[in-house]
Amino acid sequence: MSKKLVSEELVLTNARIVAEHEVFLGTLHVVDGRIADMASGATSLPGAVDCEGDYVLPGLVELHTDNLERHIVPRPKVRWHAGSAVQAHDALMATSGITTVFDAIACGDIIEGSERLANLRTMVDAVTDAQAKGHLRADHHLHLRCEVSCANILPLFGALADNPLVGIVSLMDHTPGQRQFVRLDKYREYYMGKYGFSEADMETFTKRQRENAERYSEPHRRAIAAVCRERGFKLASHDDATAEHVALAAELGTHFAEFPTTLEAAKASREAGMMVLMGAPNLVRGGSHSGNVAAAELAAIGGLDVLSSDYVPISLIGAAFLLHKGPLGFALPDAVATVARNPAKVAGLEDRGLIAPTRRADLVRVHDAGDMPVVRAVWREGRRVV
């Protein structure tokens, strides 16, 4: 360890460091935003941060969160100032221990004239501007969620594909009777509740969605996948339910499977060489709100690679500790890998997600409060942001 702490350095000591394969009580030394070295034992170096036995984890990496939308539209028909909304969203990411986030923004929608579509460009521009100006605590990227049954998805996607923050593209198809909504009762329950549809409205809506899917889904899926291969975007499937869905995803060059809805699809995805992402809220709640396969069921058979906070940012770190302390009994480094190392690998960000020399010093100090982990401090590239 260095004998003198200078302004470009950070030393964390008396910390339970969660490394790739072990947890040890020790000291972590950061120089110029990178991890320089780490060692067992404490240091009395002036300026060192005493972590009081708390855990120090790698910064969490979030691949799919639509949390920004609720800040842009905090109530129905209320559009908030975009820059302010991004700041609020970013603060919630950082205080949840998330230092790298792919903001999942809906590009295309099954509801014509929706607020989601009206706010598409506003959200993209606001994130891009804030990231460029260095206003954000977390490192933000874009994940374009492409609804392939949407009639105008190709021009919507094409208008955003040149944005330098785009790194992930997912292919979604919310047609009734398949994928996320194999069960029509769950489909009706979800959309009638969300949009206040009457029985007649629901029948009309369902008929139109099936017609759109028949006409657009297949050609749009293939066209967008081709652009992703050409540009090097990471391609994700979404809500695969059958082996046939997975076979098509593999044919298109898909990198990872988001939220497979059945055990069959999850197993097939792994066999096809794709990592499997599931929702942290699914794990924390004990099951899927749509009646699909439980994340815990996949974790129990070694079929879970990545967790995403999806719609509850704080669920990401909670789920990691639940994997460790709950009945599944994951070793803590393996549990943390699902929210840091593995998502970083999926996204092609090999410089982060792991506490090891030369990696980015994206770090989270976490206190184990018994029933939940508490984030006490967060550093991004060695600079404290929380």
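Details of the structure are given in the entry above.
Model, not experiment: these values are computed from the prediction.

> Looking at this structure, how should I read the packing of aromatic side chains?
Pairs of aromatic rings are described using the distance from one ring centre to the other and the angle between the two planes. Tallying each qualifying case throughout the model produces one aromatic pair. Ring geometry for Y55 against F321: centres 5.7 Å apart, planes inclined by 70°, an arrangement best described as edge-to-face. You can see Y55 sitting in strand β5 (residues 55-58) and its partner F321 sitting in helix α12 (residues 315-325), a full 266 residues away along the chain. Judged by relative accessible area, Y55 falls into the buried class, the value being 9%. You can call F321 buried: its relative accessible area is 3%. Seen from the ring of Y55, R16 lies directly overhead, with NZ or CZ sitting 4.0 Å from the centre.

> Just to check I follow, could you spell out the pattern of salt bridges for this structure?
Pairs can form between side chains of opposite charge once their charged atoms are near each other. Going through the model one piece at a time under the given rule, you end up with 18 salt bridges. R360 is paired through a salt bridge with E381; the nearest N and O atoms lie 3.8 Å apart. With R360 in the loop between α14 (341-347) and β14 (363-368) and E381 in the loop between β15 (373-380) and β16 (383-384), the pair connects residues that are 21 residues apart, well separated along the chain. Residue classification places R360 among the buried positions, given a relative accessible area of 6%.

> Before we go on, may I ask you to explain the side chain of H64 in this structure?
Position of H64 relative to the elements: it lies in strand β6 (residues 60-65). Its relative accessible area of 2% is what places H64 among the buried residues. Setting aside chain neighbours within four positions, we find H64 in contact with F102, A104, H143, R145, H238, E258, F259, S308 and D310.

> Which parts of the structure should I look at to understand the packing of helix α2 (residues 82-95) against helix α4 (residues 120-132)?
Angle between the axes and distance between the axes: these two values describe a pair of packed helices. Across the interface, α2 lies against α4 with an axial gap of 9 Å and an inter-helix angle of 65°. Comparing the axis directions of α2 and α4 gives the class roughly perpendicular. Viewed along their axes, α2 and α4 form a crossing whose handedness is right-handed. Here α2 contributes A82, G83 and V86 to the contact with α4, which in turn contributes T122, A126, V127 and A130. Grouping the amino acids of the contact of α2 with α4 by side-chain chemistry returns five nonpolar, two polar and no charged.

Rules used throughout
- Residues numbered from 1 in each chain as written.
- Predicted model: local features only at pLDDT ≥ 70, side-chain atom pairs only at ≥ 80, totals over all residues.
- Heavy atoms only, no water.
- Phe/Tyr/Trp six-rings, centres within 6.5 Å; stacked < 30°, edge-to-face > 60°.
- Helix = DSSP H or I, 4+ residues; strand = E, 2+ residues; numbered from the N terminus.
- Buried < 20%, exposed > 50% of the residue type's maximum accessible area, 1.4 Å probe, protein only.
- Lys NZ or Arg CZ within 6 Å of the ring centre and 35° of its normal.
- Salt bridge = Lys/Arg side-chain N within 4 Å of Asp/Glu carboxyl O.
- Contact = heavy atoms within 4.5 Å.
- Axes fitted to C-alpha atoms, helices over the stretch in contact; angles between N-to-C directions.
- Parallel < 35°, antiparallel > 145°, perpendicular 65-115°, else oblique.
- Left-handed = near helix turned anticlockwise from the far one by under 90°.
- Nonpolar A, V, L, I, M, F, W, Y, C, P; charged D, E, K, R; others polar.

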